[in-house]
Amino acid sequence: MMSQDDLKRAVAKAAIAHIPVDCIVGVGTGSTANYFIDELARIKHEIRGAVASSEASATRLKEHGIDVLSLNEAGSLPVYVDGADEITRHMHMIKGGGGALTREKIVAAASKKFICVCDSTKLVDVLGKFPLPIEVIPMARSFVARQLVALGGQPRLREGFTTDNGNVILDVLGLKIMNPVELESTLDHIAGVVTNGLFARRAADVLLLGTPEGVKTMTA
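Residues numbered from 1 in each chain as written. Predicted model: local features only at pLDDT ≥ 70, side-chain atom pairs only at ≥ 80, totals over all residues. Heavy atoms only, no water.

1. Remarks on a nonpolar patch on the surface
Next up, step 1: A cluster of nonpolar side chains, namely Ile 137, Met 139 and Val 194, defines an oily patch on the protein surface of about 310 Å² accessible area.
Next up, step 2: Turning to its location among the elements, Met 139 is positioned in the loop between strand 7 (132-136) and helix 6 (141-150).
Next up, step 3: By relative accessible area, Met 139 is classed as exposed at 79%. (Patch = residues over 30% accessible without salt bridge, like charges linked within 9 Å, V, L, I, M, F, W, Y side chains within 5 Å. Areas by Shrake-Rupley, 256 points an atom, 1.4 Å probe, with all protein chains shown as cover. Salt bridge = Lys/Arg side-chain N within 4 Å of Asp/Glu carboxyl O. Helix = DSSP H or I, 4+ residues; strand = E, 2+ residues; numbered from the N terminus. Buried < 20%, exposed > 50% of the residue type's maximum accessible area, 1.4 Å probe, protein only.)

2. Some words on the sheet that holds strand 10 (residues 193-196)
Next up, step 1: Across the sheet, which stays open at both edges, the four strands sit in the order 8-9-7-10 with antiparallel pairing between neighbours. Each of the sheet's edge strands pairs with one partner strand only, and the pair in question is strand 8 (154-157) and strand 10. Along the sheet, successive strands turn relative to each other by an average axial angle of 30°, direction set aside.
Next up, step 2: Here strand 8 pairs with strand 9 (residues 168-173) via four bridges, running antiparallel. Across the sheet, Pro 155 pairs through a bridge with Val 172, a residue of strand 9.
Next up, step 3: The strands that helix 5 (residues 101-109) touches are strand 7, strand 9 and strand 10; relative to strand 10, the one it contacts most, it runs at about 70°. (Pairing = 2+ DSSP bridges. Axes fitted to C-alpha atoms, helices over the stretch in contact; angles between N-to-C directions. Contact = heavy atoms within 4.5 Å.)

See below:
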């Protein structure tokens, strides 16, 4: 029987087929993205480099001898590969369990194609069982938390964690997210919110889903 790590490794390998030759690749953050970085190292002579969505991913890429560029240097990217904490068949996602949601959202927005790689446990009918991460300017933490309670959420400060951007994260429990696009916009308009972990306005284009029967390719 395949373990969760086996499934993650399988989707990471499958994602390589979607990488154009001689391109700069957008690379996500997290355990599945790490497997993708390891696979990318095998074809590093066929790509020009990568843009990383976190310091951790940048470090792993460099350790493999892959050139890491800033997004400002790279410009528009042909493809971005990243995992998800939850994803629906509409390709809407919750991301940010690893805390890199802001940079992930920026790199995803700058990419022509977003390929989500994850195992079948992440596929859900309705988003919200996984706590929704929200990156917040520290001085606004209490204010934002009150707004989240008013929306029906139960915010919890992620203790002892600071994002790569120097901010804090509130993880919001208790949300049953029936309209992710609308909620994403609502949360973004709360003063002090940097980004929220709903990736619905910029959803994935392709989902490579690791299952015991093999990797399934899904599109919206």
